[in-house]
Amino acid sequence: MRKGYFSLVLHAHLPYIRHEEAHRLEERWMYEAISETYIPLLWEVNRLSRPLGWTVSISPPVIEMLADPLIQERYIEHIEDTLRLIRQELERELAQKERDALLFYQDRYQDLLNTFLHWEKDLNRAFRHYKEQGYLDLITCTATHGFSPHMLSEQAARSEIQTGLNCFERHYGFRPSGLWMPECAYTPGLDRILYEEGIRYTFVDEHSILNADPSPKHGIGAPVYSPHGVALFPRDQIISGKIWSSVIGYPGHPDYREFYRDLAYDREWDQIAEFMHPEGLRYDTGLKLHRVTGETDQKDYYVRDWAWQRTSEHAADFAQALGEHLDAHQGQDFPPFLVTAPFDAELFGHWWFEGPDFLGKAMERLEGQGIESISPAIFLERHFQDIDTAHVAMGTWGRKGYAEVWINERNDWMIRHLHQLEKRLAGVVARNRHQDALTVKAKRQLIREYLLAVSSDWPFILDGQTTAQYAANRFREHILRFEETERRLDAEELTVEWLDDRYREYPFLRDSDIEPDVFLTAHDYYVAVKREKSWNTDAILLFVRQYDASDRPASELARRLAAAGENVYVVTEHPEAYRFEEGVHVYGVQVTGLPLVQTYNQLAALNLAFLRQAQALSKIVDFAVIHNFNMETASAAQAIAKMKELPLVSNVYDVESERSPDRSGGLVVALKRLEGDALRQSAVVYLEREESRHGVEQEYHVEKKPLRFEENLEKPYQHVTNPKKNG
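Residues numbered from 1 in each chain as written. Predicted model: local features only at pLDDT ≥ 70, side-chain atom pairs only at ≥ 80, totals over all residues. Heavy atoms only, no water.

1. Points about the overall build of the protein chain
- A count of helices and strands for the protein chain gives 26 helices and 17 strands.
- Dimensions along the principal axes, computed over C-alpha positions, put the protein chain at roughly 95 × 65 × 45 Å.
- When burial is assessed residue by residue, the protein chain has 58% of its 727 residues classed as buried.
- When the accessible area of the protein chain is evaluated, it comes to approximately 30300 Å², of which 48% is carbon and sulfur surface.
- Positive and negative side-chain charges of the protein chain, numbering 83 and 115 respectively, have mean locations separated by a distance of 3 Å. (Helix = DSSP H or I, 4+ residues; strand = E, 2+ residues; numbered from the N terminus. Buried < 20%, exposed > 50% of the residue type's maximum accessible area, 1.4 Å probe, protein only. Areas by Shrake-Rupley, 256 points an atom, 1.4 Å probe, with all protein chains shown as cover. Lys, Arg positive; Asp, Glu negative; His and termini not counted. Charge placed at Lys NZ, Arg CZ, Asp CG, Glu CD.)

2. A look at the state of the cysteines
- Under the criterion given, the structure shown has zero disulfides.
- Free of any disulfide, Cys-141 has its nearest cysteine sulfur in Cys-184, 9.9 Å distant.
- The exposure class assigned to Cys-141 is buried, which follows from its relative accessible area of 0%. (Disulfide = S-S within 2.5 Å.)

3. Brief notes about the pairing of strand E11 (residues 567-573)
- Most of E11 is tucked away, with six of its seven residues classed as buried.
- In this sheet, E11 lies alongside strand E10 (residues 539-543) in parallel orientation, the contact comprising five bridges. Looking at E11, one finds that Ile-540 is bridged to Val-568.
- Once you follow E10 into helix H21 (residues 554-563) and on to E11, the crossover reads as right-handed.
- Pairing of E11 with strand E13 (residues 584-589) involves six bridges; the strand directions are parallel. Among the inter-strand pairings, Tyr-569 is bridged to a residue of E13, identified as His-585. (Pairing = 2+ DSSP bridges. Right-handed = clockwise from strand over helix to strand, strands pointing away.)

4. Quick look at the sheet that holds strand E5 (residues 201-204)
- Pairing in this open sheet of three strands is mixed, and the strands run E5-E7-E6 from one edge to the other. Every other strand in the sheet has two partners, leaving E5 and strand E6 (224-225) as the edge strands with one partner each.
- Relative to strand E7 (residues 231-234), E6 runs antiparallel, the two being bridged by two bridges. What sits directly across from Tyr-225, in E7, is Ala-231.

5. So, the pattern of salt bridges
- Counted by the stated rule, this structure contains 60 salt bridges.
- Where Arg-92 meets Glu-89, a salt bridge forms, and the shortest distance between an N and an O atom there is 3.3 Å.
- Assessed through its relative accessible area of 27%, Arg-92 is described here as partly exposed.
- Between Glu-258 and Lys-299 there is a salt bridge, and its shortest N-O distance comes to 3.4 Å. Separated by 41 residues along the polypeptide, Glu-258 in the loop between helix H9 (237-244) and helix H10 (269-272) and Lys-299 in the loop between H10 and helix H11 (304-327) bring together distant segments of the chain.
- Residue classification places Glu-258 among the buried residues on the basis of a relative accessible area of 10%.
- Sharing partners across several salt bridges, the network here consists of Glu-154, Arg-158, Arg-192, Glu-196 and Glu-197. (Salt bridge = Lys/Arg side-chain N within 4 Å of Asp/Glu carboxyl O.)

6. Here's the deal with the side chain of Lys-299
- From its side chain, Lys-299 meets the backbone oxygen of Thr-296 in a polar contact 3.1 Å long.
- Filtering out sequence-adjacent residues up to four positions away, Lys-299 remains in contact with Glu-258, Arg-261, His-290, Arg-291, Val-292, Thr-293 and Gly-294. (Polar contact = N/O pair within 3.5 Å; in protein donor to acceptor, adjacent residues only side chain to side chain. Contact = heavy atoms within 4.5 Å.)

7. Quick word on the packing of aromatic side chains
- In the structure shown here, the tally under the stated rule is 38 aromatic pairs.
- Relative to Trp-351, the ring of Phe-259 has its centre 4.2 Å away and its plane inclined at 40 degrees; by these criteria the two rings are tilted. Separated by 92 residues along the polypeptide, Phe-259 in the loop between H9 and H10 and Trp-351 in the loop between strand E8 (338-344) and helix H12 (355-368) bring together distant segments of the chain.
- In this structure Phe-259 comes out as buried when scored by relative accessible area, which is 15%.
- The partly exposed category is assigned to Trp-351, whose relative accessible area is 40%.
- Members of the aromatic cluster, each reached through a chain of ring pairs, are Phe-6, Tyr-250, Tyr-256, Phe-318, Phe-343, Phe-348, Trp-352 and Phe-358.
- Against the face of Tyr-172 rests Arg-128, its NZ or CZ located 6.0 Å from the ring centre. (Phe/Tyr/Trp six-rings, centres within 6.5 Å; stacked < 30°, edge-to-face > 60°. Lys NZ or Arg CZ within 6 Å of the ring centre and 35° of its normal.)

8. A closer look at the pairing of strand E3 (residues 136-141)
- The buried count for E3 comes to six of six residues, which makes it a mostly enclosed element.
- Here five bridges tie strand E2 (residues 54-58) to E3, and the two strands are oriented parallel to one another. The residue bridging Thr-55 from the neighbouring strand is Asp-137, located in E3.
- Of the pairings in the sheet, the one linking E3 to strand E4 (residues 179-180) comprises two bridges and is parallel in character. Each bridged residue has a counterpart across the sheet, and for Cys-141 the counterpart in E4 is Trp-180.
- As for the winding sense of the linkage, the β-α-β connection from E3 through helix H6 (residues 154-172) to E4 is right-handed.

9. Considering helix H17 (residues 468-490)
- Between its terminal C-alpha atoms H17 stretches 33 Å, which fits the 33 Å expected from 23 residues at 1.5 Å a residue.
- One or two steps after H17, the chain reaches Glu-492, where phi turns positive at roughly 55 degrees. (Expected span 1.5 Å × (residues − 1).)

10. Considerations on the environment of Phe-275
- With respect to the helices, strands and loops of the structure, Phe-275 is situated in the loop between H10 and H11.
- In sequence terms Phe-275 and Ala-264 are eleven residues apart; their C-alpha atoms lie 9.0 Å from each other.
- If sequence neighbours within four positions are ignored, Phe-275 has contacts with Asp-81, Arg-84, Leu-85, Gln-88 and Tyr-283.

That is the geometry; function is a separate question.
Structure follows, in structure tokens:
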């Protein structure tokens, strides 16, 4: 096996172009992506049928459209129309090479239809299946591909990230640990939001790493940690360019299919009219019968066998070049050199028709070269301790590396509107806290309109001047829809029926995907807290994994404290998000993400979920003390106590050696270290029994710090040095 790794990342994204009315030209973008990219990639994954190390990012607009019954039915109609067109063409007198090309397409479109029906029209199900088989890894993107560097507020960036993750989790059943940031855009501070939302890695362009401070020891040969602990994987431009560069890349070879020559423009109108737009517009049929041939307009017919053979040669060339690239860096250790190659998925198949074939064959050639293909998630599992930390400045993978594509004389007018929407959203949610279900539904619709407007696709299209009118119209439409919804909300003219009609026009995201108060700013929360001070001041925050467990007096203590007039909040592991019982606010959290087989990872996910809930609560509640009832949640309790500079109280019912008497080694040592850190930060430690004291002192080495051990929970906070109220 060669020293070093290769990591392929494919980002599948289109703007949300689903329309109720039929024959929208833009909707054909989705059909083309399904036919030329998504299904052909699935074919390659299925053909190879083994772990590939590929990471596929599927954006929420693509996920939602793949799951949309209207899109699914229209796609079948599209395929059937294309097959009918092919049959009609084959009845004509044709040159043999032209006929051969059409016969190739006939077989291919029938295969597309068969595959689509095999997965019961739901390609999300297909991607999920191959993920579950372990053949590839899946991540997602922000809700609508918003360009985060141009967002005015933290709340706007969080709404994009959080909503995108919620949508993905609803469809795929787990929350990914990685996230594709649109356009590989990174700005300092974004990593904090990503970390708080459970994201552990994302991608940047290589110049972001090369210009980092301090300069990373391994350059672009390894990711770096951001200041908040998110791993940033750099794009390797040399290897990426080998695949895609218009100068040195493969797709321009004369044997490959010519993208710009479509049958629709080679036929008289009468011959194809019934397959064109009802209003008399020509559009691509997808039947491109010619090959690149050369730099002139004279194109020869496409010969599938030649193109297929060429992909084999290019795959072998790529594997050899990658091997030489890794050999040139074989001196790197801890970690070995990593080549990260992220691409837009639609480059393969749609733009480079033979791209999926090339990728599949390249994977076979990598084996021959002894090159290991690895996902970022697996790389981090192996080498999390070998990564530098650096400050990375703003950067993107766009033209010239920064924001020129998304702010220039063609599209800069959009930013003013988006910033105004952000401010107005903050005002709307602040004015409408604790409102009825109709108002909450209205707030979610306002956020939905904002998200649909903030898509980076609209300024991108305006920059390229391709379908600029559509992009500008869609942007203005969502601004107007936002304003009308807001006006009706303020005038108390809203009805559920009106909001449902609005949703049906763009049924993007379920209401459950959208947190209605995500735009509530810290200042707005402060104002809200002032209004409800009786509930939200001097509160006690209890962490307990099982609130009602009979062997833990957590619920008994919480109810007693509440009866004594304390504001008691509990965070516990439970499917019910919130309940108020006997004066106690009980917030349930659930561990999201893949089923984790490693104990350490399970604990990390649990603590992350507890910490996220505590952080959200701390925005509206002024806590006086943190009380942790379980050693399993000690890290989260310690973290929130440290963040808020609050005293920490801990209960110890058993130590690690009692919970896992048969285990030893690094995992046990690591767990003890985590729990010991929390105990040493505790102002008071309550023991279930006095005889536990010696074990705690020895096992967690807390004897070095004088601790107060108590057994009496009647007045649990009387010895806390800085409580705002005593129990």
